[in-house]
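Listed below are the residues making up each chain.
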Number of protein chains: 2
Amino acid sequence: MKTIAVIKQRGNRLTKPRKAISTILLQTKFPLTIKEIMNQLKKNDVYTDTVSIYRTVKLLLNLRCIQQIEFGDGKKRFEAVKENNHHHHIICDKCGKVEEIFFKDENYFALQLKKKTQYKIHRHSLEFFGLCQNCY
Amino acid sequence: MKTIAVIKQRGNRLTKPRKAISTILLQTKFPLTIKEIMNQLKKNDVYTDTVSIYRTVKLLLNLRCIQQIEFGDGKKRFEAVKENNHHHHIICDKCGKVEEIFFKDENYFALQLKKKTQYKIHRHSLEFFGLCQNCY
DNA sequence: GTACGTGCAAACAGTTTGCATCATG
DNA sequence: CATGATGCAAACTGTTTGCACGTAC
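Residues numbered from 1 in each chain as written. Chains lettered and ligands numbered in written order. Predicted model: local features only at pLDDT ≥ 70, side-chain atom pairs only at ≥ 80, totals over all residues. Heavy atoms only, no water.

(A) Expanded view of the relation of the copies chain B and chain A. Structural alignment of chain B on chain A gives an RMSD of 0.0 Å, achieved by rotating through 180° and translating 0.0 Å along the axis. Viewed as a symmetry operation, the transformation between the two copies matches a two-fold axis. In terms of C-alpha distance to the rotation axis, chain B has B:Leu126 as its closest residue, with the C-alpha 2.2 Å off the axis. Mapped onto chain A, 100% of the interface residues of chain B are again interface residues, and the two copies thus contact each other with one and the same surface. (Least-squares fit on C-alpha atoms with pLDDT ≥ 70 in both. Contact = heavy atoms within 4.5 Å.)

Following this line, the structure appears as structure tokens:
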């Protein structure tokens, strides 16, 4: 996996927790909280503490292997960044189910923005909230 | 102000902290954290504790007088909901400066979404992050 | 006067920091 | 074997809960 290679940049060591966390994030199709990562690690019989997860996650963020997303419940969530996979999320307010959403002409807004502001935009967040099929 | 009237619905009492917090949120043009609300209250010589702010903010959220926004730093921010004022934000990653942004054809995406998903969407969040004029 | 709201203390949840020990390269 | 990473304890920040006192209606 590419992430594994990227970690070894700049002399970062490829340790068991780092490998395991990267793999989990690459394999999961929705953003995970620190606790959820912890639970996945346990399932794979990898024992770490939350602090190590926080630190690995910070490293992966710096290396741009993952990105951070918030759903408004005070927990940060983390998700692997894959090529040609830019997407957003719909979250069910009731059961928490997450679905990915892809838009075609997303720079439609980026272009409007360029005209309206002098900020140099690096990234954006766009999430939708509502009720899934099962919850209404 | 409308908020004041709405509070009195359902027998909610119009107390000093509630009035002051509502006014502050109505007058500020960017989303405030709990601490920032606290500081504004102090400036106005209204003494409360953070717990009361949390509770008032929760009330105002339920009454749909304000909305909650996150900028990714782990703090919730609160902003008055005004009529015909639906907007989003650009946040400077360096100095934290916030600018409001208005889009014309925003339901362009809403329509795309309706086709793609069976979720019943209630709201969305859209924030942009980058550097302001002064910071790059 | 009677709920309802406040403000204090204290608990709780998410996250960060310090430091001795461990293990990758 | 040296430096970087881990894992524990402990601190810190944001948020919630419990309860006696105060106050709007």
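(B) Highlighting the protein's contact with DNA strand C. Surveying the vicinity of DNA strand C reveals 23 residues, the closest of which are A:Arg13, A:Tyr54, B:Thr15, B:Thr48 and B:Arg55. Within 4 Å of the protein, the atoms of DNA strand C are drawn from sugar and phosphate moieties in a proportion of 61%. B:Ser52 is positioned such that a nitrogen or oxygen atom in its side chain is 3.3 Å from a phosphate oxygen of DNA strand C. Elements with a contribution of two residues or more to the surface near DNA strand C: helix H3 (34-43) and helix H4 (50-62) of chain A together with helix H2 (16-27) and helix H4 (50-62) of chain B. Here the element with the most residues in the surface near DNA strand C is H4(A); it accounts for four residues. Class assignment for the residues of the surface near DNA strand C results in seven nonpolar, five polar and eleven charged. (Near = heavy atom within 4 Å. Polar contact = N/O pair within 3.5 Å; in protein donor to acceptor, adjacent residues only side chain to side chain. Helix = DSSP H or I, 4+ residues; strand = E, 2+ residues; numbered from the N terminus. Nonpolar A, V, L, I, M, F, W, Y, C, P; charged D, E, K, R; others polar.)

(C) Representation of the protein's contact with DNA strand D within the structure. Close contacts around DNA strand D come from 23 residues, with A:Arg13, A:Thr15, A:Thr48, A:Arg55 and B:Tyr54 the closest. Of everything in DNA strand D that lies within 4 Å of the protein, sugar and phosphate atoms constitute 59%. Here B:Leu14 contributes a backbone N or O atom positioned 3.2 Å from a phosphate oxygen of DNA strand D. Mapped by element, the contributors of at least two residues to the surface near DNA strand D are helix H2 (16-27) and H4 of chain A together with helix H3 (34-43) and H4 of chain B.

(D) Geometry of the sheet that holds strand S5 (residues 120-131) of chain A. Strand order across the open sheet formed by six strands is S4(A)-S3(A)-S5(A)-S5(B)-S3(B)-S4(B), with mixed pairing between neighbours. Edge positions in the open sheet fall to strand S4 (98-101) of chain A together with strand S4 (98-101) of chain B, since each of these has one partner strand only. Pairwise comparison of adjacent strand axes, ignoring direction, gives a mean angle of 25° for this sheet. (Pairing = 2+ DSSP bridges. Axes fitted to C-alpha atoms, helices over the stretch in contact; angles between N-to-C directions.)

(E) The UniProt feature "binding site: Zn(2+)" (unreviewed entry) in chain A, seen in detail. Residue and element names in this part refer to chain A. Mapped onto the present numbering, the UniProt feature "binding site: Zn(2+)" (unreviewed entry) falls on Cys-92, Cys-95, Cys-132 and Cys-135. Their sequence span is 44 residues, while the largest C-alpha to C-alpha distance among them is just 8.2 Å; these annotated residues converge on one region. Position of Cys-132 among the secondary structure elements: in the segment after S5. Within the secondary structure, Cys-135 is located in the segment after S5. With relative accessibility at 16%, the residue Cys-135 sits in the buried group. The residues contacting Cys-135, other than those within four sequence positions of it, are Cys-92, Lys-94 and Cys-95. (UniProt positions renumbered as here; feature names shortened; annotations may be inferred. Buried < 20%, exposed > 50% of the residue type's maximum accessible area, 1.4 Å probe, protein only.)

(F) Spatial organisation of the domain arrangement of chain A. Residue and element names in this part refer to chain A. For chain A, the domain assignment lists domain 1 (1-82) and domain 2 (86-136). Overall, the association of domain 1 and domain 2 removes approximately 550 Å² of surface from exposure, summing both partners, and the carbon and sulfur fraction of that is 64%. The tally of links between domain 1 and domain 2 comes to zero salt bridges. Taken together, the connections running from domain 1 to domain 2 amount to two residue pairs in polar contact (both at pLDDT 80 or more). (Domains from an automatic or database assignment. Buried area = accessible area lost by both parts, 1.4 Å probe. Salt bridge = Lys/Arg side-chain N within 4 Å of Asp/Glu carboxyl O.)

(G) Broad picture of the interface of chain B and chain A. Residue-level contacts link 43 residues of chain B with 43 residues of chain A. In total, about 3900 Å² of surface goes out of reach between chain B and chain A, with carbon and sulfur atoms giving 58% of it. When the area that chain B buries against chain A is broken down by residue, the three leading residues are B:Phe109, B:Tyr119 and B:Phe129, summing to 20%. At the boundary of chain B and chain A, one finds two salt bridges.

(H) Highlighting the pattern of salt bridges. All names here are of chain A. Here the structure, examined in full by the defined rule, presents four salt bridges over all chains. With its nearest N and O atoms 2.3 Å apart, the salt bridge here joins Arg-77 to Asp-73. Of the residues examined, Arg-77 reaches a relative accessible area of 11% and is grouped as buried.

(I) Looking closely at the pairing of strand S1 (residues 66-70) of chain B. Residue and element names in this part refer to chain B. Where S1 meets strand S2 (residues 76-80), five bridges bridge the pair, whose relative direction is antiparallel. When the bridges of S2 are listed, Gln-68 appears paired with Phe-78. Remark: five residues form the turn of the hairpin made by S1 and S2, two consecutive strands paired antiparallel; Gly-72 in that turn has positive phi of roughly 90°.

(J) Representation of the packing of H2(B) against H3(B). All names here are of chain B. Where H2 meets H3, the axes come as close as 10 Å, and the angle between the chain directions of the two elements is 110°. Judged on the interaxial angle alone, H3 and H2 are roughly perpendicular. Contacts between H2 and H3 pair Ala-20, Ile-21, Ile-24 and Leu-25 from the former with Ile-37, Gln-40 and Leu-41 from the latter. Of the residues belonging to the contact of H2 with H3, the class tally is six nonpolar, one polar and no charged. (Parallel < 35°, antiparallel > 145°, perpendicular 65-115°, else oblique.)

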